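# Understanding the architecture of this molecule
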Amino acid sequence: MTIPDLTTLGRGVPGTTLGAGVPGTTLGAGVPGLPGAAPADMPRADAAPAVTTPAPAALPQPQPPGFSPEAARQDVPILHRTVNGHPLVWLDNGATTQKPRQVIEALGAFYGAANSNIHRGAHTMAREATQMYEAGRAAVAGFLGAGSPDDIVFVRGTTEAINLVAQSWGRANLGPGDDILVATLEHHSDIVPWQLIAKETRARVVPIPLTPEGAIDQDAYADLLSSRTQLVAVSHASNVLGTVPPVKEMTALAHRYGAKVLVDGAQAVAHFPVDVQDLDADFYAFSGHKLFAPTGIGALYAKPEILQGMRPWQGGGNMIDSVDFTRTTFAPVPHLLEAGTGHIAGVVGLLAALNWFTSFDRDAVAAYETALMTYAQQALATVPGLEVLGAAPERIAVLTFTLAGHDPAGVADWLDRDGIAVRAGHHCAQPALAHYGLESAARASLALYNTSEEVDLLVASLRRLQGA
Ligand code: PLP
């Protein structure tokens with residue numbers, strides 16, 4: 001049996017070309033600003049005198065050989081819309097990434113020509129959908145460097161993956177007096193699940209402190225580890241400080257104490273290559289939507305020997321072998337941990353996203369993003385009163401900042417009028433912001449399709465806000 005080719009599946013299927021012919025679905029119809037003027041009650045940021053961007057023009061352009069952002073941009077339709085009368089500048093990739101047409105078309109093609117439930121071998125389409133789903137699992141395993149597709153559990157996203165580990169592995173392995181070490185820079189979804197399970201098991205959640213630069217304090221970490229430590233929870237990249245901790249070294253140290261290590265890869269996977277076996281991570285979690293795939297799909301990797309011992313955390317269809325009121329037997333992992341109908345189209349979209357993303361030279365992408373970040377740091381330094389949070393030696397292109405005289409929400413609102421999307425708030429990382437005495441900040445988070453021209457637009461708008 002052949003798996004339908006989703007790159008061609010939608011062709012000729014009515015309605016699977018994005019919006020074509022379907023009343024009201026033409027991209028942008030009815031979306032304010034697409035095209036046209038900003039709403040009457042909203043002052044046009046471009047009504048201010050034109051400003052030529054100063055310093056950035058003199059900065060070296062981030063174009064390392066091997067990757068051009070244009071190659072990625074041309075595939076991502078939303079990047080060509082306007083917002084409030086300006087071309088969209090999407091700098092909110094830390095929240096979610098935009099989707100290439102390959103992903104959008106794969107979703108249309110799946111629903112237009114291949115939709116079926118899976119793992120029920122009743123008919124051809126069920127078998128085809130099952131094959132696509134399992135092809136997605138194999139693709140994720142390959143992407144993460146896992147030894148086998150069986151090491152991958154599909155989940156809704158990073159949050160669900162961490163809750164799964166806390167509820168399944170944590171409930172069975174944590175007890176009174178045990179320590180869960182959690183880095184202070186973690187996203188709330190890598191803090192709260194541990195607090196919940198610690199309360200139930202009477203274990204302790206212990207924060208690992210940060211240095212003033214926003215790196216994880218490695219001396220303090222070494223001091224906190226003990227025979228009580230059962231788990232270390234650490235991000236592969238911080239969503240607010242951009243910090244990329246030395247996860248491989250931290251994992252090796254944790255293992256000396258017999259502790260397991262969960263790595264939150266939500267912000268890492270779209271920025272640099274990941275190899276879970278090289279890291280020796282026990283668990284690794286990510287969300288598809290931060291990796292150019294749809295929302296509602298993500299994956300958890302777990303070492304096979306750990307996964308084999310994990311108990312179900314939810315019960316239902318797909319995770320059983322047979323059900324009887326006297327005795328129920330269970331399916332093997334990873335299906336054991338995937339109760340109910342999964343997000344089949346999401347997996348198809350994730351597969352398309354992985355195919356798209358891995359078609360680029362990953363090292364060249366990482367080098368480009370680092371060059372773009374350096375460019376952005378230098379350009380932002382020309383904005384009076386702007387301070388970037390975090391200066392860890394290894395970091396991704398996440399630039400969280402404060403601007404003297406303006407609250408972060410006001411900054412985001414101002415930029416939005418220029419069509420520039422940044423996030424403002426606590427970024428679900430309140431302890432990381434509290435480390436800097438802050439409750440809120442603005443954040444520009446870059447991806448492979450962002451350009452130095454977009455950074456220039458951000459800087460020009462901020463300079464205008466500061467009257468510079
Ligand atoms: N971990 C990190 C580092 C994140 O940045 C995020 C989302 O911003 C999450 C976890 C949670 O991801 P999701 O909401 O997709 O589950």
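See the structure printed just above.
Procedures and definitions
- Residues numbered from 1 in each chain as written.
- Predicted model: local features only at pLDDT ≥ 70, side-chain atom pairs only at ≥ 80, totals over all residues.
- Heavy atoms only, no water.
- Near = heavy atom within 4 Å.
- Polar contact = N/O pair within 3.5 Å; in protein donor to acceptor, adjacent residues only side chain to side chain.
- Areas by Shrake-Rupley, 256 points an atom, 1.4 Å probe, with all protein chains shown as cover.
- Nonpolar A, V, L, I, M, F, W, Y, C, P; charged D, E, K, R; others polar.
- Helix = DSSP H or I, 4+ residues; strand = E, 2+ residues; numbered from the N terminus.
- Buried < 20%, exposed > 50% of the residue type's maximum accessible area, 1.4 Å probe, protein only.
- Contact = heavy atoms within 4.5 Å.
- Core = buried A, V, L, I, M, F, W, Y, C linked by side-chain atoms within 4.5 Å.
- Domains from an automatic or database assignment.
- Phe/Tyr/Trp six-rings, centres within 6.5 Å; stacked < 30°, edge-to-face > 60°.

## Describing the site of the ligand
With respect to spatial proximity, 13 residues lie near the ligand, and among them Thr 159, Asp 264, Gln 267, Ser 287 and Lys 290 are the closest. The separation between an oxygen atom of the ligand and a polar side-chain atom of His 187 is 3.4 Å. Between the ligand and Asp 264 there is a distance of 2.5 Å, counted from a nitrogen atom to a side-chain nitrogen or oxygen. Here the ligand has 390 Å² of accessible area as a free molecule, and 86% of this is covered by the chains. A breakdown of the residues in the shell around the ligand according to their chemical character gives one nonpolar, 10 polar and two charged.

## Some words on unusual backbone geometry
Apart from glycine, the bulk of residues carry a negative phi angle, and the bulk of peptide bonds sit in the trans form. Following Val 333, the chain continues into Pro 334 via a peptide bond in cis, with omega recorded as 10 degrees. For Pro 334, the position within the fold is in the loop between strand 12 (329-330) and helix 11 (344-357).

## Considerations on the side chain of His 236
Assignment of secondary structure puts His 236 in the loop between strand 7 (229-235) and helix 8 (247-256). Under the relative-accessibility criterion, His 236 is labelled buried at 6%. Separated by 2.8 Å, the side chains of His 236 and Tyr 284 make a polar contact. Leaving out residues up to four positions away in the same chain, His 236 has contacts with Thr 243, Val 244, Pro 245, Val 247, Val 263, Asp 264, Gly 265, Ala 268, Phe 272, Val 274, Leu 279 and Tyr 284.

## Some points on the nonpolar core
Leu 144, Tyr 284, Leu 448 and Leu 462 are the most contacted members of the largest nonpolar core, which has 113 residues in total. Taken domain by domain, this core gets at least three of its residues from each of domain 1 (43-91 + 361-465) and domain 2 (105-357). The residues contacting Tyr 284, other than those within four sequence positions of it, are Leu 144, His 236, Val 263, Gly 265, Ala 268, Val 269, Val 274, Val 276, Leu 279, Ala 299, Leu 300 and Tyr 301. Of all hydrophobic cores here, the second largest spans 30 residues; its members include Val 155, Leu 231, Ile 306 and Met 319.

## Digging into the packing of aromatic side chains
All told, the structure shown has 11 aromatic pairs when counted by the stated rule. Between Trp 169 and Phe 283, the ring centres sit 6.0 Å apart and the planes meet at 70 degrees, which makes this aromatic pair edge-to-face. Of this pair, Trp 169 sits in helix 5 (residues 158-173) while Phe 283 is found in strand 9 (residues 283-287), placing the two residues 114 residues apart along the sequence. Phe 283 sits in the buried class, given a relative accessible area of 0%. An angle of 70 degrees between the planes, with centres 5.2 Å apart, marks the rings of Phe 292 and Trp 356 as edge-to-face. A residue pair is termed long-range when its members are at least 10 positions apart, and Phe 292 in the loop between strand 9 and strand 10 (298-302) and Trp 356 in helix 11 qualify at 64 residues. Comparing Phe 292 with Trp 356, the two get one shared label, buried. Members of the aromatic cluster, each reached through a chain of ring pairs, are Phe 67, Phe 143, Phe 286, Phe 292, Trp 356, Phe 357, Phe 360, Tyr 368 and Tyr 449.

Keep in mind these values describe shape, not function.
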